[in-house]
Amino acid sequence: MKLIIAIVSNDDANKVQSELTKNGFSITKLATTGGFLMSGNTTLICGTQDEKVDKAISIIGEFSKKRTQMVPSTASYGVGMYTSFPVEVTVGGATIFVLDVERFEKL
Amino acid sequence: MKLIIAIVSNDDANKVQSELTKNGFSITKLATTGGFLMSGNTTLICGTQDEKVDKAISIIGEFSKKRTQMVPSTASYGVGMYTSFPVEVTVGGATIFVLDVERFEKL
Amino acid sequence: MKLIIAIVSNDDANKVQSELTKNGFSITKLATTGGFLMSGNTTLICGTQDEKVDKAISIIGEFSKKRTQMVPSTASYGVGMYTSFPVEVTVGGATIFVLDVERFEKL
Ligand code: NI
Ligand code: NI
Ligand code: NI
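So, a few notes on the structure that sits alongside this text. The structure displayed is predicted, hence computed values, not measured ones. Each chain has its residues counted from 1, following the order in which its sequence is written. For naming, the first written chain is A and the first written ligand is 1, with later ones following in the order written. Residue-level local features of this predicted model are given only where pLDDT is at least 70; pairs of side-chain atoms are given and counted only at 80 or more, and the full residue set underlies all totals for whole chains, interfaces and linings. By convention in this description, side-chain values take in all heavy atoms of the structure and omit both hydrogens and water.

## A word on the relation of the copies chain C and chain A
Heads up, the condition is: Residues reaching a pLDDT of at least 70 in both copies supply the C-alpha atoms on which the copies are superposed by least squares. The contact rule is simple, with two residues in contact once any of their heavy atoms fall within 4.5 Å.
At an RMSD of 0.1 Å, chain C and chain A line up after a rotation of 120 degrees and a shift of 0.1 Å along the axis. A rotation of that kind, with that shift, is consistent with a three-fold axis. When the interface residues of chain C are mapped onto chain A, a mere 20% of them are again interface residues, pointing to distinct binding faces.

## Considering the relation of the copies chain A and chain B
Its rotation angle being 121 degrees, the transformation that places chain A on chain B also includes 0.0 Å of axial translation and leaves an RMSD of 0.1 Å. In this assembly, only 20% of the residues forming the interface of chain A have copies in chain B that are likewise at the interface, indicating a heterologous arrangement.

## Considering the nonpolar core
Applicable threshold: Put simply, a nonpolar core is a bunch of buried Ala, Val, Leu, Ile, Met, Phe, Trp, Tyr and Cys residues held in one set by side-chain atoms that sit within 4.5 Å of each other. Throughout this description, buried means an accessible area under 20% of the type-specific maximum (1.4 Å probe, protein chains only), exposed means over 50%, and partly exposed covers the range between. Only DSSP runs of H or I with at least four residues qualify as helices, and only runs of E with at least two residues qualify as strands; both kinds are numbered from the N terminus onward.
Core analysis: the largest hydrophobic core is formed by 24 residues, its most contacted members being L3, I5 and L99 of chain A, I5 of chain B together with I5 of chain C. When contributions to this core are tallied by element, the ones reaching two or more residues are β1 (2-9) and β7 (94-100) of chain A, β1 (2-9) and β7 (94-100) of chain B together with β1 (2-9) and β7 (94-100) of chain C.

## Side note on the packing of helix α1 (residues 10-22) of chain C against helix α2 (residues 53-62) of chain C
Residues and elements named next belong to chain C. Put simply, the rule is: For helices, the fitted line uses only the C-alpha atoms of the stretch in contact; every axis is such a line through C-alpha atoms, and the angle between N-to-C directions lies from 0 to 180 degrees. The handedness criterion is simple: a crossing whose near helix is rotated anticlockwise from the far helix by less than a right angle is left-handed, and one whose near helix is rotated clockwise is right-handed. Polar here means any residue outside two lists: the nonpolar Ala, Val, Leu, Ile, Met, Phe, Trp, Tyr, Cys and Pro, and the charged Asp, Glu, Lys and Arg; Gly therefore counts as polar.
Axis separation between α1 and α2 bottoms out at 9 Å; the angle between their running directions is 145 degrees. Where α1 crosses over α2, the handedness of that crossing is right-handed. For the pair formed by α1 and α2, the contact residues are V16, E19 and L20 on the first element and A56, I59 and I60 on the second. Here the residues of the contact of α1 with α2 sort into five nonpolar, no polar and one charged.

## A closer look at the interface of chain A and chain B
The condition is simple: Throughout, buried area stands for the accessible area (probe radius 1.4 Å) lost by two parts on being put together, summed over both. Salt bridges are defined as contacts in which a side-chain nitrogen from Lys or Arg sits within 4 Å of a carboxyl oxygen from Asp or Glu. For the purposes of these results, a polar contact is taken to be a pair of N or O atoms within 3.5 Å, where, inside protein, one atom must be able to donate a hydrogen and its partner to accept one; residues adjacent in sequence count only when each atom of the pair is a side-chain atom. What makes two strands pair is DSSP finding at least two bridges between them.
Chain A puts 20 residues into the contact, and the matching count from chain B is 25 residues. Buried area between chain A and chain B, summed over both chains or domains, comes out near 1800 Å², and the portion from carbon and sulfur atoms is 60%. Summed over the three residues of chain A that lose the most area to chain B, namely E102, R103 and L107 of chain A, the buried surface amounts to 34% of that side. Two residues, R103 of chain A and D54 of chain B, come together in a salt bridge whose shortest N-O distance is 2.6 Å. On inspection of chain A and its partner chain B, the count reaches six residue pairs in polar contact (both at pLDDT 80 or more). Considering each element in turn, the side of chain A that touches chain B owes the most residues, five residues, to strand β2 (residues 26-30) of chain A. Of the residues assigned to the side of chain A that touches chain B, the class counts are 10 nonpolar, four polar and six charged. Across four bridges, the pairing between strand β8 (residues 103-106) of chain A and β7 of chain B is antiparallel. Directly across from R103 of chain A, in β7 of chain B, lies its bridge partner V98 of chain B.

Here it is, written out as structure tokens:
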């Protein structure tokens, strides 16, 4: 038995959770606040059999891929003079920890 | 030293937490959102000595037992015709992971 | 790779998080509710290389030190008679668990 702790961006959390659930994984979503990735993120915990860890990680990776996105930005180029232009930002990504579970009980 | 991660339903979380505390366990309650059990649930983390793990698990089990409950439900049996009847649902239950702690510090 | 789970008081959480971040650690802050320490507390999780665990723990300890604080208190010493006096309370402190990470992925 392993415990997977996955930190994904808030934007991807629901999709990752529902895909894992569809594939038979049991997921608990913890409320998380900032810090790891630029925007807000969510921590998912998932207990699973050793031989299903690869499958879970591949699902998490598939639905939380890092990708770039254009967002509007503004720069000043003189006193009171501004220009607006699009900036490319990276969103998504996942940080995954796999821990060994010594004992597992479902009561 | 072990770390117990217990996911219980929101309904049982306070009782489980107070019984563990009464028995000398230190509990931290994490805000959790859906997924594992049908209704909302709470994740409790509890660091404890190896020889007290059984005691903690038995307390968690005692105060988060799975039980059935009758809730009102409605079914339609024709166009615009409904009947209301009680349905048995299962509530409670706990999912428990025990992890080994390599190092523990109380500062 | 190790996973550090640190429970600190809400008052110290931001300072601990920003100092860890300044020192190159990646931190995720989980919303926590009561139980472990008297006032509200925050759970921080931090994945780090084995050889940096001591550094992380020393930073957490430095910025969540237990200290005493005077707070106003009131006692009654007769029917309708009250006196207000300062009481010394202990604030801060940290509880830290270090777990081994079997597998770590940054996707
Ligand atoms: Ni195992
Ligand atoms: Ni131990
Ligand atoms: Ni390691």
